Amino acid sequence: MRELAAIAVFALAVAAVPAFVTSGYALNVVIMTLYAALLGQAWNILGGFGGQFSFGHAVFFGTGAYAMAVLQVKFGWNAWAALPAALALGGAMGALIGALSFRYGLRGSYFALVTLAFAEVFRILANTFDFTGAGVGLMVPLAATAARMQFASPAGYLYLILGFVVAGFVVSWWLKHSRYGAWLQAVRDNEESAAALGVDVFGVKLRAIVISGVLMAAGGAFYVQYLHYIDPHIAYGLGASVEALLAPIVGGMGTVWGPLLGAALLHALGETTRNLMGDAPGINLAAYGVVLVLMVSFMPRGVMGLFQARGAARGSTHA
Amino acid sequence: MLEPSILLASALNGLTTGAVYALIALGLTLIYGVLHIINFAHGAALMVALYGVYYLHQRLGLDPYVSLPIMVPAMFAAGYALQRLVIGRASHGKEENVLLVTLGIAIVLENLALFLFKSDTQTIDTPYTFSTMNILGATISVPKVVAFAGALVVAGLLLLLVGRTDLGRAIRAIAKERQGARLVGIDVDHVFAMSFGIGLACLGAAACFLLPAYYVNPQVGNGFVLIAFTIVVLGGMGSFLGALLGGLIIGLVESIGGLWLGESLGQIGIFLIFIAVLLFRPQGLFGARA
Amino acid sequence: MLEASGLTKTFGGLTAVENASLRVPPGAIVGLIGPNGAGKTTLFAMLSGFLKPDAGRVVFRGRDVTGLPPHEICRLGMARTFQIVQPFGAQTVRENVAVGAHLRHRGRAEALARAERVARQVGLGDELDKLAMNLTIAGRKRLELARALATGPALLLLDEVLAGLNPQEITEVIPVIRAIAAGQDGAAGVTVLMIEHVMQAVMNLAERVYVLANGRIIADGAPADITSNRAVIEAYLGQGTAERLRRAQGAVRI
């Protein structure tokens, strides 16, 4: 319950930001950090809590983004009606990929590669068909009104992304405090043991990838509403997949706060390198790559691991 | 549109590309077979090698084929150091960690290249870039034929190295039984690094054969990385012969699939093969059923 | 409670278990013994759904469970432990056991409470908040037992829970198993089928013993009868006991 309270306090604090900060630049930094946290939360459900490392989470992101864009542009749907459809399609994509890969027992690196291949297949498809605007991509017409999920001021977008992130928080908290979450983490730690204790390993993994897909699709939907544009490379390229796994690995996989913490630290790093090196292309991402290597090498439990290590040490002294 | 002559030209084209794919995949499958790691940075390393060949040509005027004796040892040394100093230390015994670390390396290499060389696509001009020859009535570019022959020669040398030398014996021993190899006194870490080095050396050779008929930009490796994985799983993880045949098959699929579906959709065939093999026949086409 | 008939499993050309049948009556402690490589663990894997038998049938509580996946068999009330312990290393003892408890308890608090009770029952009461990976071997064996027990089974398959323990630890665990079988704290008794290498423990606990050698059941009966069974002695002594004895005592002929 304390953690739920902390989530509520966080939400209120962020919601109050626009009252004190008016700079569009600063608000954009907050929004993009929350956005990165959302992608991280989505990946963290499957990768952090479930131990299934996806290298192709863009497949869910892109599906959410394209659903949002195509339904509005080609079918004239209202954005608020398109959103549930985008989330559902993200979940359906999760069910499809999960059913195939988990039914055939793909684990570890093989699972990572197969998700990547799915993302590539959809990238090429999106690149080919007019339906998705092919290589040119799709532009969502500007109409800055909340009725169409577009906002004249950044504060509107901040509330939108905050809503998604809070949903991600609640799901993560639920995984920490529910039977399903206990089963998912058991599957992560040892599938055979979990099965011996009555856990339906396939079903548990399948549910995780569906939830993860829905949340990731929310990220894609937000992207389209915020930046009004999507193309195959943004939607299904490696970039979104990497962004999704980076934050939880830096912050701490399988933790409630890890993705947000990771996203914040990565943004801070990004801003710092930009200040030091100027806006040179690539240098930002190169720094992220270095961080990824360093984290896996020296802090596999992420920054949250520092706090937990202290807690565990305390626990063992009085045990 | 599918006249026999076009089909033949397309098949020959596919085979020549396939041979280079095979060479790239051989390095990957060697690394997988010995270290049991999936080197996600394989494509990025190829990109680095291509830039190496490119700058040797631009700055020193070296012909790409003359660059072979420079690029192969250079890539070998880079691979040896990378495994010894970075990847080997980061794994903590978990394969996912290695995958993440090699992903990190790929990101670093690709973006450093973007920073240093900008995103422009570069090609080189050699006297033979546009020369063609006639095989069975089909016209085919000379660099591609050289690449085909070169890739096969290097693949043959690699097979000899693994089959006939002491290092090869150690490599095979470790691939089969890691603990046992350690027990009989093989320096496993050294052999790991040697294997990784040889894996990247293959890329050095591939880059020399590739560049005259190809191009380089910071993202060029991405296109190859999934293709190389596809070949490796198709041929059976760790199988050299499988990688060789797999490379040729994928080259054919891409080229003939492209003829039917257009270049971009033709690539889908490769990824669908990849997914299908992983799901239904993870031991590969030529691997024995476990 | 459990009736297996004609179970057979081959790997490649190698027959691991051939035409094995056994019966575990309700409330009993039944032992399954045999030399290394006899196929005991393979037989267990077929009973608990981890391996599909090539032939034969497993009937559990009157229901044919042959070929059901492990989690469904567990839900029907058959829980197993592993010879090579497989804890959820990054989780505490309490969390480990709670995974088992969740099978019958949806709520997190109830499952944790049940986990605590079961952990105390097997003597892990002082280590509830320890990470599983920090337990000793003996502790991990107890954890295996606790997790399986927490699923509320009617039948418990124990795969060498005593292996790797010192004599002191063995004498501590034996009464725990006996108490589980007898039922305690108002809980009903649990039927037990145990693979065991520690002969003294089997003789002490089991009322009936099956002997598996080279994949076949070569004998069954009361422990006292088994120890005097000629086939059993040969199966065992041929395999190494004789070797050990000879080395230890010069040249003892049996």
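Just above, that's the structure.
Along every chain, residues carry numbers that run from 1 in the direction the sequence is written. As they are written, the chains are lettered A onward and the ligands numbered 1 onward, keeping that order. Predicted model: local features are reported for residues with pLDDT of at least 70 only, side-chain atom pairs are reported and counted for 80 or more only, and whole-chain, interface and lining totals are derived from all residues. Just so you know, side-chain values use all the structure's heavy atoms and leave hydrogens and water out.

**Q** It is not clear to me how the overall build of chain C should be interpreted in this structure. Could you clarify?
**A** Secondary structure counts use DSSP, requiring at least four H or I residues in a row for a helix and at least two E residues in a row for a strand, with both numbered from the N terminus. Looking only at helices and strands, chain C has nine helices and ten strands in total. A radius of gyration in this sense is built from C-alpha atoms; the matching globule rule multiplies 2.2 Å by the number of residues raised to 0.38. Relative to the compact-globule value of 18 Å for 254 residues, chain C shows a C-alpha radius of gyration of 18 Å, a close match. Here the C-alpha coordinates of chain C stretch approximately 60 × 45 × 35 Å along the principal axes. Looking at chain C as a whole, 52% of its 254 residues are labelled buried. Two residues qualify as a contact provided that any one of their heavy atoms is within 4.5 Å of a heavy atom in the partner residue. Taking the intrachain contacts of chain C between residues at least 6 apart in sequence as the baseline, contacts between residues at least 24 apart amount to 64%. Summed over all atoms, the accessible surface of chain C reaches about 11,100 Å², with 49% contributed by carbon and sulfur. Within chain C, one finds 29 positive and 23 negative side-chain charges whose respective centroids are separated by 2 Å. To sort residues, take the accessible area from a 1.4 Å probe on protein chains only and compare it with the maximum for the residue type: under 20% means buried, over 50% means exposed, and anything in between is partly exposed. Method for areas: the Shrake-Rupley scheme with a 1.4 Å probe, in which residue coverage is limited to the protein chains shown. When charges are counted, Lys and Arg are positive and Asp and Glu negative, with His and the chain ends excluded. By convention, charge coordinates are those of NZ in Lys, CZ in Arg, CG in Asp, or CD in Glu.

**Q** I keep staring at the overall build of chain A and nothing clicks. Help me out?
**A** The helix and strand inventory of chain A stands at 14 helices and two strands. Here the C-alpha atoms of chain A give a radius of gyration of 19 Å, agreeing with the 20 Å that 2.2 N^0.38 yields for 319 residues. A separation of at least 24 residues holds for 76% of the contacts in chain A among residues at least 6 apart in sequence. Counting every atom, chain A has about 11,800 Å² of accessible surface; 69% of that belongs to carbon and sulfur. Charged side chains of chain A number 15 positive and 11 negative; the gap between the two group centres comes to 9 Å.

**Q** How do you make sense of unusual backbone geometry when you look at a structure like this?
**A** Only a minority of non-glycine residues have a phi that is not negative, and only a minority of peptide bonds are not trans. Despite not being glycine, Met-149 of chain A shows a phi value in the positive range, around 55 degrees. Relative to the assigned elements, Met-149 of chain A resides in the loop between β1 (138-139) and α6 (154-176). Judged by relative accessible area, Met-149 of chain A falls into the buried class, the value being 1%. Phi angles above zero are rare outside glycine, and Glu-160 of chain C is one such case at about 55 degrees. Examined against the element boundaries, Glu-160 of chain C turns out to sit in the loop between β7 (155-159) and α6 (167-182). The exposure class of Glu-160 of chain C is buried, given its relative accessible area of 6%.

**Q** Could you clarify how one ought to interpret the pattern of salt bridges in this entry?
**A** Side-chain pairing between opposite charges can occur once the charged atoms of the two side chains come close. All names here are of chain C. Only one rule defines a salt bridge in this text: a Lys or Arg side-chain nitrogen within 4 Å of an Asp or Glu carboxyl oxygen. Counted under the stated rule, the structure contains 17 salt bridges over all chains. A salt bridge links Glu-116 to Arg-94; the shortest N-O distance between them is 2.7 Å. Here Arg-94 lies in helix α3 (residues 93-101) and Glu-116 lies in helix α4 (residues 108-121), a separation of 22 residues in the sequence. By relative accessible area, which is 26% here, Glu-116 ends up partly exposed. A salt bridge links Arg-94 to Asp-129; the shortest N-O distance between them is 3.0 Å.

**Q** Which parts of the structure should I look at to understand the side chain of Arg-142 of chain C?
**A** Within the element layout of this structure, Arg-142 of chain C appears in helix α5 (residues 137-150). Leaving out residues up to four positions away in the same chain, Arg-142 of chain C has contacts with Val-122, Gly-123, Leu-124, Glu-172 and Val-173 of chain C.

**Q** Quick question: what am I supposed to make of the sheet that holds β7 of chain C here?
**A** Within a sheet, adjacent strands bond to each other through the backbone by hydrogen bonds, running parallel or antiparallel. Residue and element names in this part refer to chain C. Here, a strand pair is defined by DSSP locating no fewer than two bridges between the strands. If you walk across this open sheet you meet the six strands as β6-β7-β8-β3-β9-β10, and the pairing is mixed. With one partner strand each, in any of the chains shown, β6 (78-80) and β10 (216-221) form the two edges of the open sheet. Neighbouring strand axes in the sheet, compared pairwise and without regard to direction, differ in orientation by 15 degrees on average. Both β6 and β7 contribute to a ladder of three bridges, which runs parallel. Counterpart to Met-78 in the pairing with β7 is Leu-155. Note on definitions: angles span 0 to 180 degrees between N-to-C directions of axes, and those axes are lines fitted to C-alpha atoms, for helices only across the stretch in contact.

**Q** I tried to follow the nonpolar core on my own but got confused; where do I start?
**A** What tends to happen in soluble globular proteins is that the nonpolar side chains get buried as a cluster. Ranked by internal contacts, the top residues of the largest apolar core, which has 203 residues, are Phe-55, Met-68, Ile-161, Phe-222 and Ile-230 of chain A together with Leu-46 and Phe-229 of chain B. Remark: nonpolar core denotes a set of buried residues (Ala, Val, Leu, Ile, Met, Phe, Trp, Tyr, Cys) joined through side-chain atoms within 4.5 Å. Counting residues in hydrophobic clusters, the runner-up holds 48 residues, among them Ala-115, Leu-128, Leu-162 and Ala-206 of chain C.

**Q** Looking at this structure, I do not really get the interface of chain B and chain A. What am I missing?
**A** Reports of interface size often rely on the accessible area that becomes lost once the parts have come together. Contact residues are listed per partner, giving 35 residues for chain B and 39 residues for chain A. Buried surface at the junction of chain B and chain A, summed over both partners, amounts to about 3,500 Å²; 83% is from carbon and sulfur atoms. Counting across the chain B and chain A interface gives zero salt bridges. We define a polar contact as two N or O atoms separated by no more than 3.5 Å, with the added condition that, inside protein, one atom must be a possible hydrogen donor and the other a possible acceptor, whereas residues neighbouring each other in sequence contribute only through side-chain atom pairs. In this structure, the connection of chain B to chain A is made through one residue pair in polar contact (both at pLDDT 80 or more). At the level of secondary structure, the elements contributing two or more residues to the side of chain B that touches chain A comprise α3 (68-90), α4 (95-117), α9 (220-235) and α11 (263-280) of chain B. If you tally residues by element for the side of chain B that touches chain A, the top one is α4 of chain B, at 15 residues. A simple way to read buried area is as the amount of 1.4 Å-probe accessible surface that goes missing from two parts once joined, with both sides added.

**Q** Mind showing me how you'd approach the interface of chain A and chain C here?
**A** Each side of the interface is counted separately: chain A has 20 residues, and chain C has 23 residues. Here chain A packs against chain C, burying approximately 2,000 Å² in sum over the two surfaces, 60% of which is carbon and sulfur. Three residues, Arg-179, Ala-196 and Leu-197 of chain A, lead the burial of chain A against chain C; their summed loss comes to 33% of the area buried on that side. If you look at where chain A meets chain C, you find zero salt bridges. Our count for the chain A to chain C interface comes out at eight residue pairs in polar contact (both at pLDDT 80 or more). Breaking the side of chain A that touches chain C down by element, the ones donating at least two residues are α7 (179-189) and α8 (191-196) of chain A. Ranked by the residues each element gives to the side of chain A that touches chain C, the list is headed by α7 of chain A, at seven residues.

**Q** Is there a simple way to think about the sheet that holds strand β5 (residues 63-64) of chain C in this case?
**A** All names here are of chain C. The strand order β2-β1-β4-β5 describes an open sheet built from four strands, whose pairing is antiparallel. One side of each edge strand has no neighbouring strand; the edge strands of this open sheet are β2 (14-24) and β5. Summarising the sheet, strand β1 (residues 2-11) and β2 pair through seven bridges and their orientation is antiparallel. By the bridge assignment, Leu-7 is partnered in β2 with Ala-20.

**Q** So what exactly am I meant to see when it comes to helix α12 (residues 258-277) of chain A here?
**A** In an α-helix, one full turn covers 3.6 residues, which means residues spaced three or four apart are oriented alike. The span you would expect from a helix comes to 1.5 Å times its residue count less one. Here α12 of chain A is 20 residues long and its end C-alpha atoms lie 28 Å apart, about the 28 Å a rise of 1.5 Å per residue gives. All of the buried residues in α12 of chain A are Gly-258, Pro-259, Leu-260, Gly-262, Ala-263, Leu-266, His-267, Gly-270 and Thr-273 of chain A.

**Q** Got a minute to help me understand the pairing of strand β4 (residues 55-60) of chain C in this structure?
**A** Looking down a regular strand, the side chains alternate between one sheet face and the other. Residue and element names in this part refer to chain C. Relative to β4, β1 runs antiparallel, the two sharing five bridges. The partner of Ser-5 across the bridge, within β4, is Arg-57. When β4 meets β5, the two strands line up antiparallel, connected through two bridges. Each residue of the ladder has a partner; that of Val-59, found in β5, is Asp-64. Connecting β4 to the next strand, β5, in antiparallel fashion are two residues, including Arg-61 with a positive phi near 50 degrees.

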